[in-house]
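A structural walkthrough
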Amino acid sequence: MLKEVAYSPIMGIMLTYEKSKSFAYNIENTGLKLYPDENFAREIMQLFTIGLYQLHQNGTQIIDDITDLPIPTYDNDDIVELSRGWTNMVRNDYRGNVEVWTLEKWNNNLIDPMRFPTTDGRDVFPKLGLHDSETRVYIGDKIKRCDSLPAQSFLKEGAKYRFRGKHATTELARAESSWQTDFSEESWYKHLVLNATASQLYHALCDPDPENGNACRFKSTVVLQNNLTCQGNCAPAQFGETMNVCECGIDQPRLLRLDPSPETGSDRALY
C-alpha cells in the first residue's frame, strides 16, 4: 500500500516531489545549490508510517530520561537524507483509453504509477536509514554493488536480462551528452553491441529456432542457465566510431543491442 501511495502521480503533484532533482544534478545544470524536495520525505514518516515520537508497544510515548521529553523518531537531517530517495520520479506517458482534462497540466498520465526514466536527476548514491538499536544502517534493495561482483558477472549463471524491444531508454540509464547529436534518441545511451555470429550471449538472448531459419524467439526475461565466454576485447568506442566485439573489454553493461537482421525480424535495433 505504501508503495502505491509513493508512486502515485497524484501524490507526486500534491506533495511536490514529482520531478524533484538531486543536489548534484542541480549543481551541474543550474549552478545552484538546490536540495531535493523534502515534502514527501517528511510526510511519509510523520503521517504515513512512524509518526513524530517513538512509542512503546502499548502506544505510549517513550520519554527521554535526561530531558523528560518524548523522543523524536526523526530529525531534519533524516528528512534531507530520505528526500534523496524520491528524486527524478516522473509520470508515465499518456494513454488513449482514459479520459483526461484538456488543460495542459492534466495531459499526462495520472493513473499509472510514476517511474524513474533515467539517472539524470536521480540521486544514485547510498542513503542512510533511521537509527535502529543505536546503529545507523543503509537502506536500499541490498543488491550488490557492481564493484563487488566478479568480473564479467553479466555472463555468469543467474544473470538476468529484460527484453525491451526497440526502446533503448532503460530505467535508470543515463544519456551521454556527447552522443546526443543523432536524431534517434536510442543512440544517446551507452550500449554494448553483440556480434550475431560470435557472441554466446547473443545466442542465449536470441534463442534461435532451427526449424524457422534460426529466427529469434525473444522472451520477456532471460536468466542465464550457465556461464558464458566473452567474445573479443576492445576499448569502448565513441559515438560514430566503428566498434569491434567488446564483450571482454566491458565490465558491467546496462544495455545490450542486437542489430537488425533476418533472425531478429526487425528493421531496427533491439535491446
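Please read all numbers here as calculations on a predicted model, not as lab measurements.

Some points on the side chain of Ser83
- With respect to the helices and strands, Ser83 occurs in helix H5 (residues 76–83).
- Residue classification places Ser83 among the buried positions, given a relative accessible area of 1%.

Regarding the nonpolar core
- Counting residues in each nonpolar core, the largest one holds 18 residues, and the members touching the most others are Tyr161, Leu192, Leu194, Leu201, Leu205 and Leu256.
- Residue contacts for Leu205: discarding those within four places in its chain leaves Tyr161, Leu194, Phe218, Val222 and Leu256.
- Listed in part, the 14 residues of the second largest apolar core include Ala6, Tyr74, Met114 and Phe116.

Describing the packing of aromatic side chains
- According to the stated counting rule, one finds seven aromatic pairs in the structure shown.
- Geometrically, the ring pair formed by Phe23 and Tyr35 is tilted, given 4.7 Å between the ring centres and 35° between the ring planes. Highlighted residues: Phe23 in helix H3 (residues 23–30) and Tyr35 in the loop between H3 and helix H4 (39–46), separated in sequence by 12 residues.
- Seen in terms of ring centroids, Phe40 and Phe48 are 6.2 Å apart; in terms of plane orientation they differ by 55°. Their pairing is tilted.
- A relative accessible area of 1% means that Phe40 is categorised as buried.
- We classify Phe48 as partly exposed; its relative accessible area is 33%.
- Aromatic ring contacts, followed pair by pair, group Tyr17, Phe40, Phe48 and Trp86 into a single cluster.
- Note that Lys3 overlies the ring of Tyr7, its terminal NZ or CZ placed 5.6 Å from the centroid.
- The ring of Tyr25 has Lys21 lying over it, and the distance from NZ or CZ to the ring centre is 5.2 Å.

Overview of the pattern of salt bridges
- With the rule as written, the count across this model stands at eight salt bridges.
- Residues Arg84 and Asp123 are paired through a salt bridge, measuring 2.8 Å at the closest nitrogen-oxygen approach. Within this pair, whereas Arg84 is found in the loop between H5 and strand S1 (127–132), its partner Asp123 is found in the loop between H5 and S1, the two being separated by 39 residues in sequence.
- Here Arg84 falls in the buried class, since its relative accessible area comes to 16%.
- Of the residues examined, Asp123 reaches a relative accessible area of 9% and is grouped as buried.
- In this structure, the salt-bridge partner of Asp123 is Lys127, at a minimum N-O distance of 4.0 Å. As far as the burial class goes, Asp123 and Lys127 line up, both buried.
- Among the charged side chains, a network of salt bridges with common partners joins Glu81, Arg84, Asp123 and Lys127.

Focus on the confidence of the model for the chain
- Chain-level statistics for the chain give a pLDDT mean of 82 and a share of 80% at 70 or above.
- Mean pLDDT across the secondary structure elements of the chain bottoms out at strand S2 (residues 135–139), with 77, and peaks at H4, with 96.

Focus: the state of the cysteines
- All told, the structure shown has two disulfides when counted by the stated rule.
- Disulfide partner of Cys206: Cys216, at an S-S distance of 2.0 Å. An S-S torsion of about -100° defines the bridge between Cys206 and Cys216 as left-handed. Placement of the pair is Cys206 in helix H6 (residues 200–206) and Cys216 in strand S6 (residues 215–216), with a sequence separation of 10 residues. The residues Cys206 and Cys216 share a single accessibility class, namely buried.

Analysis parameters
Sequence order as written defines residue numbering, which begins from 1 separately in each chain. pLDDT decides what is reported in this predicted model: residues at 70 or higher carry local features, side-chain atom pairs at 80 or more are listed and counted, and totals for whole chains, interfaces and linings draw on all residues regardless. With hydrogens and water set aside, each side-chain value is computed from the structure's full complement of heavy atoms. In DSSP terms, a helix is any run of H or I states spanning at least four residues, a strand is any run of E spanning at least two, and both are numbered starting from the N terminus. The buried label goes to any residue with under 20% of its type's maximum accessible area, the exposed label to any with over 50%, and the partly exposed label to all in between, with areas taken from a 1.4 Å probe on protein chains only. Among the buried residues, those of types Ala, Val, Leu, Ile, Met, Phe, Trp, Tyr and Cys that are joined through side-chain atoms within 4.5 Å form a nonpolar core. Whether two residues touch is decided by their heavy atoms; if any such pair falls within 4.5 Å, the residues are in contact. Pairs were defined over the aromatic rings of Phe, Tyr and Trp, the Trp ring being its six-membered one, requiring ring centres within 6.5 Å. Orientation was assigned from the angle between planes: stacked under 30 degrees, edge-to-face over 60, tilted for the rest. Two thresholds decide whether a charge sits over a ring: the Lys NZ or Arg CZ must be within 6 Å of the ring centre and within 35 degrees of the ring normal. Any Lys or Arg side-chain nitrogen found within 4 Å of a carboxyl oxygen on Asp or Glu counts as a salt bridge. Note: pLDDT gives the predictor's confidence per residue, expressed from 0 to 100. Disulfides are defined as pairs of cysteine sulfur atoms found within 2.5 Å of each other.

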